[in-house]
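This is what each chain is made of:
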Amino acid sequence: MPSPSPRQPEMAWSTQDILKLYELPFMDLLFRAQEVHRSNFEPNTVQLSSLLSIKTGGCPEDCAYCPQSARYDTGVDAEKLMPLDEVVAAARAAQAAGAQRFCMGAAWRSPKPHHLEAVAEMVSAVKALGLETCVTLGMLREGQAEALKQAGLDYYNHNLDTSPEFYGNIISTRTYQDRLDTLERVREAGIHVCCGGIVGMGESRRERAGLIAQLASMDPYPESVPINNLVQVEGTPLAGTEPLDPFEFVRTIAVARIAMPRAMVRLSAGREAMDDSMQALCFMAGANSMFYGDALLTTANPQVEADQRLLARLGMRADAGGGQSCERNA
Ligand code: SAM
Ligand code: DTB
Ligand code: SF4
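Nothing here was measured: the structure is a model prediction, and the numbers come from that model. (Residues numbered from 1 in each chain as written. Chains lettered and ligands numbered in written order. Predicted model: local features only at pLDDT ≥ 70, side-chain atom pairs only at ≥ 80, totals over all residues. Heavy atoms only, no water.)

### Remarks on the site of ligand 2
Then, in step 1: The environment of ligand 2 is made up of 13 residues, and the closest members are Asn159, Asn228, Leu297, Thr298 and Thr299.
Then, in step 2: The contact in question runs from an oxygen atom of ligand 2 to an N or O atom on the side chain of threonine 298, over 2.7 Å.
Then, in step 3: Protein contacts shield 88% of the accessible area of ligand 2, which totals 400 Å² for the unbound molecule. (Near = heavy atom within 4 Å. Polar contact = N/O pair within 3.5 Å; in protein donor to acceptor, adjacent residues only side chain to side chain. Areas by Shrake-Rupley, 256 points an atom, 1.4 Å probe, with all protein chains shown as cover.)

### Description of the nonpolar core
Then, in step 1: By size, the foremost hydrophobic cluster in this structure holds 94 residues, and its most contacted members are Tyr65, Leu137, Leu148, Ile212 and Phe249.
Then, in step 2: Aside from chain neighbours lying at most four places away, what touches leucine 148 is Leu116, Val119, Val135, Leu137, Leu140, Leu153, Tyr156 and Ile191.
Then, in step 3: Ranked by size, the runner-up nonpolar core spans 10 residues in total, among them Cys134, Met264, Ala269 and Phe291. (Core = buried A, V, L, I, M, F, W, Y, C linked by side-chain atoms within 4.5 Å. Buried < 20%, exposed > 50% of the residue type's maximum accessible area, 1.4 Å probe, protein only. Contact = heavy atoms within 4.5 Å.)

### Here we look at the site of ligand 3
Then, in step 1: Inspection of the region around ligand 3 gives Cys59, Glu61, Cys63, Tyr65, Cys66, Ser69, Ala107 and Arg174 as its neighbouring residues.
Then, in step 2: A breakdown of the residues in the shell around ligand 3 according to their chemical character gives 5 nonpolar, 1 polar and 2 charged. (Nonpolar A, V, L, I, M, F, W, Y, C, P; charged D, E, K, R; others polar.)

### Remarks on the side chain of arginine 174
Then, in step 1: Mapped onto the elements, arginine 174 comes out in the loop between helix 6 (164-167) and helix 7 (176-188).
Then, in step 2: Here glutamate 61 takes part through its side chain, which lies 2.8 Å from a polar atom of the side chain of arginine 174.
Then, in step 3: A polar contact is formed between the side chain of arginine 174 and the backbone oxygen of arginine 109, at a distance of 3.4 Å.
Then, in step 4: Non-local contacts of arginine 174, meaning those with residues more than four positions away in its chain, are made with Glu61, Trp108, Arg109, Gly138, Met139, His158, Tyr167 and Arg179. (Helix = DSSP H or I, 4+ residues; strand = E, 2+ residues; numbered from the N terminus.)

### With respect to the packing of helix 4 (residues 113-128) against helix 5 (residues 144-151)
Then, in step 1: Interhelical geometry of helix 4 versus helix 5 gives an angle of 25° and a closest axis separation of 8 Å. As judged from the angle between their axes, helix 4 and helix 5 are roughly parallel. The chirality of how helix 4 crosses helix 5 is right-handed. Along its contact with helix 4, which presents Leu116, Val119, Ala120, Val123 and Ser124, the element helix 5 presents Gln144, Ala147, Leu148 and Ala151.
Then, in step 2: Partitioning the contact of helix 4 with helix 5 into residue classes produces 7 nonpolar, 2 polar and no charged. (Axes fitted to C-alpha atoms, helices over the stretch in contact; angles between N-to-C directions. Parallel < 35°, antiparallel > 145°, perpendicular 65-115°, else oblique. Left-handed = near helix turned anticlockwise from the far one by under 90°.)

### Some words on a negative patch on the surface
Then, in step 1: A surface patch of like charges, here negative, comprises Glu146, Asp181, Glu184 and Glu188.
Then, in step 2: Per-element tally for the negative patch: the top contributor is helix 7, with 3 residues.
Then, in step 3: In this structure, aspartate 181 sits in helix 7. (Patch = residues over 30% accessible without salt bridge, like charges linked within 9 Å, V, L, I, M, F, W, Y side chains within 5 Å. Salt bridge = Lys/Arg side-chain N within 4 Å of Asp/Glu carboxyl O. Lys, Arg positive; Asp, Glu negative; His and termini not counted. Charge placed at Lys NZ, Arg CZ, Asp CG, Glu CD.)

### Brief notes about the pairing of strand 1 (residues 45-55)
Then, in step 1: Strand 1 sits mainly inside the fold: 11 of its 11 residues count as buried.
Then, in step 2: Where strand 1 meets strand 10 (residues 317-318), 2 bridges bridge the pair, whose relative direction is parallel. Within the sheet, the bridge partner assigned to threonine 45 lies in strand 10 and is arginine 317.
Then, in step 3: In the sheet, strand 1 pairs with strand 9 (residues 289-291) via 3 bridges, with the strands oriented parallel. The residue bridging leucine 48 from the neighbouring strand is methionine 290, located in strand 9. (Pairing = 2+ DSSP bridges.)

Structure (structure tokens):
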């Protein structure tokens, strides 16, 4: 794993620039995304990342998409933080099934000091297995990112979720600026930034473009960009939202790839509702990582065997770096 070092700013992307990409004919957009992808990554590879919910449910935040918010009746019960040995057992099992990266998620607004100590132990233990590590724990306070870095954390996931303009429709309990502040702490501590969003929440194309423009204009842009398609969960305010046109999701992957050429673009939540052809188009558009394993945090993900079959049919192979060249982040 190369150590993160700040890159020079490359290009400022406005929402208008990103919208122009979205408006290209589909084939032209995919062709451009493939060109960018192939000049930065070996194209027939995908990184397999497994997820574990180490602390489920009972979250005080009001994110309208989330089954783990205590405010919505979704059938997800609040649990305590998982013990270290269970986390390590899950990481070993994921690795044995072929995962190359392990992401641990907690339904917190922000971790308390004793939580952070426990998670730091988990990070060290998972890293010792030889897996790339990522955690997503909510907002970080002063000093917390440094403690995670010390424990050996590779990536911290904290999503912007959507554009600044649409954000108020989705979350009221933390601001966009709160998120940017946490991302700044992560960056300052020398941890790779994993930051993306969700589409299919009823936002407009301009708002999707606004999210990608925000991400691409971060200096430097995130090393890792998860693109989630909303998983609609009964009981959340977003259940019943008009689903996104599948091609619009593929376009979102393509514009993310073009605007952030060397980022890992992660085909994240929502694959359970996608057929194999759509997933193949997402890889064509530049996705080079996906969540692997039968569950996301609280919802289902495709079965491991189905994913193995899909990769075999496409002649794709698993690669820890998603096909990245050694110079990435150098
Ligand atoms: N509580 C922490 C936080 O919000 O920062 C970490 C866990 S949270 C579940 C991680 C991310 O999962 C969210 O930022 C959101 O982007 C994504 N997510 C949650 N529920 C989702 C859903 N129903 N569909 C798609 N993505 C979802
Ligand atoms: C991200 O962007 N997506 C993942 C991961 N980061 C933590 C989470 C998806 C959660 C989907 C809903 C659930 O399973 O609860
Ligand atoms: Fe809590 Fe994170 Fe879900 Fe928001 S997304 S309700 S902060 S677990």
